[in-house]
Amino acid sequence: MGGINVKIHPLFFLFGVYYAATGRIFLFAIYTICAVGHELAHSITAQKLGYKLNEITLMPFGAVAAGDIDGLKLKDQTAVALAGPLFNLAVGIACVAAWWIFPDLYAFTDMIAEANLSMAAINFIPVFPLDGGRVLQSFVSARHGREKSLKICKIIGAAFSVLLAAAFVLTCFNQMNLSILFFAAFVFFGAISCKKENRYIKVFSGETERSLL
């Protein structure tokens, strides 16, 4: 795929089987395609700026783009980070705009619009390992240096994960939502390992994104 390798983690197939068994294989396919598009946007932007994100791996709960982007300039880091969610935002807006001209398309594109808009919204949250966290780290680095910016981002990420964990506890009194707990763990571990700047991660769990929006 244009010099970009796409790999599939073995557990990804099990995740697909789970969605198929619960009658949501079409939703799984849509989120997978949106996640790949998201990572391709990162990869293509990185290559245009002279860096490499040339490997995309489909994981059980998301997609990971990896490559050689050591020495990434702050402005380039912001551009690469924003490319993914802006791609999803553009696709989502395009679907919504098309409904005004061709209303009959709604039945065929509503899930595509929802998947892309939710991906964009989630990734704009300013916590690692989401794209918004990378943008935040770039701005803080410009003022306080890289090391201090990483510490600040870790604190913000950890605090946000605690808030998500508290939200999960509240759901236990009504209808337990494990997706929020999963996302809290995702953010927490992403925050404490945010030095891995050569990896871009995208969660595409439909339940997680719908729970948070």
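Treat the numbers as computed from the prediction; the structure is a model and nothing was measured.

Caption draft 1: Structural detail: the overall build of the protein chain. Within the protein chain one finds eight helices and four strands. The N-to-C order of helical and strand elements in the protein chain reads β-α-α-β-β-α-α-α-α-α-β-α. By the burial criterion, 45% of the 213 residues in the protein chain qualify as buried. Look at the contacts in the protein chain between residues 6 or more apart in sequence, and 69% of them connect residues 24 or more apart. Taken as a whole, the protein chain presents about 10900 Å² of accessible surface, with 70% of it coming from carbon and sulfur.

Caption draft 2: View of the packing of helix α5 (residues 131-144) against helix α6 (residues 146-171). One way to put it is that α5 packs onto α6 with a least axis distance of 8 Å and a crossing angle of 140°. Taken together, the axes of α5 and α6 lie oblique to each other. Seen along the crossing, α5 lies across α6 with a hand that is right-handed. Note on element contacts: α6 touches α5 through Arg146, Lys148, Ser149, Leu150, Ile152, Cys153 and Ile156, opposite Gly133, Leu136, Gln137, Val140, Ser141 and His144. A class-by-class count of the residues in the contact of α5 with α6 yields six nonpolar, five polar and two charged.

Caption draft 3: Molecular detail of the nonpolar core. Ranked by internal contacts, the top residues of the largest apolar core, which has 17 residues, are Tyr19, Phe28, Tyr31, Cys34, Leu58, Ala115 and Met119. If you list the elements that add at least two residues to this core, you get α1 (10-21), α2 (25-48), β2 (55-59), β3 (62-66) and α4 (106-123). Per-element accounting of this core gives the leading share, eight residues, to α2.

Procedures and definitions
- Residues numbered from 1 in each chain as written.
- Predicted model: local features only at pLDDT ≥ 70, side-chain atom pairs only at ≥ 80, totals over all residues.
- Heavy atoms only, no water.
- Helix = DSSP H or I, 4+ residues; strand = E, 2+ residues; numbered from the N terminus.
- Buried < 20%, exposed > 50% of the residue type's maximum accessible area, 1.4 Å probe, protein only.
- Contact = heavy atoms within 4.5 Å.
- Areas by Shrake-Rupley, 256 points an atom, 1.4 Å probe, with all protein chains shown as cover.
- Axes fitted to C-alpha atoms, helices over the stretch in contact; angles between N-to-C directions.
- Parallel < 35°, antiparallel > 145°, perpendicular 65-115°, else oblique.
- Left-handed = near helix turned anticlockwise from the far one by under 90°.
- Nonpolar A, V, L, I, M, F, W, Y, C, P; charged D, E, K, R; others polar.
- Core = buried A, V, L, I, M, F, W, Y, C linked by side-chain atoms within 4.5 Å.

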